[in-house]
Amino acid sequence: MAADAQGKTLRDVGIGQTARVRRLVGEGAVKRHIMDMGITKGVEVYLRKVAPLGDPLEVTVRGYELSLRKSEAECILVDE
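Under an unreviewed UniProt entry, the chain has the name Ferrous iron transport protein A and belongs to Candidatus Aveggerthella stercoripullorum.

Draft legend 1. Region of the structure containing the nonpolar core. Core analysis: the biggest nonpolar cluster contains 22 residues, and Leu 10, Ile 39, Leu 68 and Ile 76 have the highest contact counts within it. Elements with a minimum of two residues in this core: strand S1 (18–24), strand S2 (44–50), strand S3 (57–61), strand S4 (64–68) and strand S5 (76–79).

Draft legend 2. Examining the sheet that holds S4 more closely. The strand order across the open sheet formed by five strands is S4-S3-S2-S1-S5, and the pairing between neighbours is antiparallel. Among the strands making up the open sheet, the edge pair consists of S4 and S5. Within the sheet, the average angular offset between the axes of one strand and its neighbour, ignoring direction, is 45°. The pairing of S3 with S4 spans five bridges and is classified as antiparallel.

Draft legend 3. Looking closely at the side chain of Glu 58. Of note, Glu 58 is situated in strand S3. A polar side-chain atom of Glu 58 sits 2.8 Å from a polar atom in the side chain of Arg 48. When neighbours within four sequence positions are excluded, Glu 58 is seen to be in contact with Tyr 46, Leu 47, Arg 48, Lys 49, Glu 65, Leu 66 and Ser 67.

Draft legend 4. Just the side chain of Glu 72, in detail. Along the chain, Glu 72 turns up in helix H3 (residues 70–73). Side-chain polar atoms of Glu 72 contact the side chain of His 33, separated by 3.3 Å. When residues no more than four places from it in sequence are discounted, the contact partners of Glu 72 are His 33, Ile 34, Met 37 and Ser 67.

Rules used throughout
- Residues numbered from 1 in each chain as written.
- Predicted model: local features only at pLDDT ≥ 70, side-chain atom pairs only at ≥ 80, totals over all residues.
- Heavy atoms only, no water.
- Core = buried A, V, L, I, M, F, W, Y, C linked by side-chain atoms within 4.5 Å.
- Buried < 20%, exposed > 50% of the residue type's maximum accessible area, 1.4 Å probe, protein only.
- Helix = DSSP H or I, 4+ residues; strand = E, 2+ residues; numbered from the N terminus.
- Pairing = 2+ DSSP bridges.
- Axes fitted to C-alpha atoms, helices over the stretch in contact; angles between N-to-C directions.
- Polar contact = N/O pair within 3.5 Å; in protein donor to acceptor, adjacent residues only side chain to side chain.
- Contact = heavy atoms within 4.5 Å.

Listed below in structure tokens is the structure:
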């Protein structure tokens, strides 16, 4: 099932907003890569800014800054 059918993704969060990770979707290496960066269920993610062309996104998670590709952000389902 596609992420957009399951709810709001990190890609849909506005600049300056905080969202809580509900779950991760995706396969194997992509999901593991996101988890290795510290983005896991229940963690709060603050969207700091988005590059002019929309890729990458800069977020703050667990006290550090992180850049995510649009495709990675679309694998992160969130609740605001």
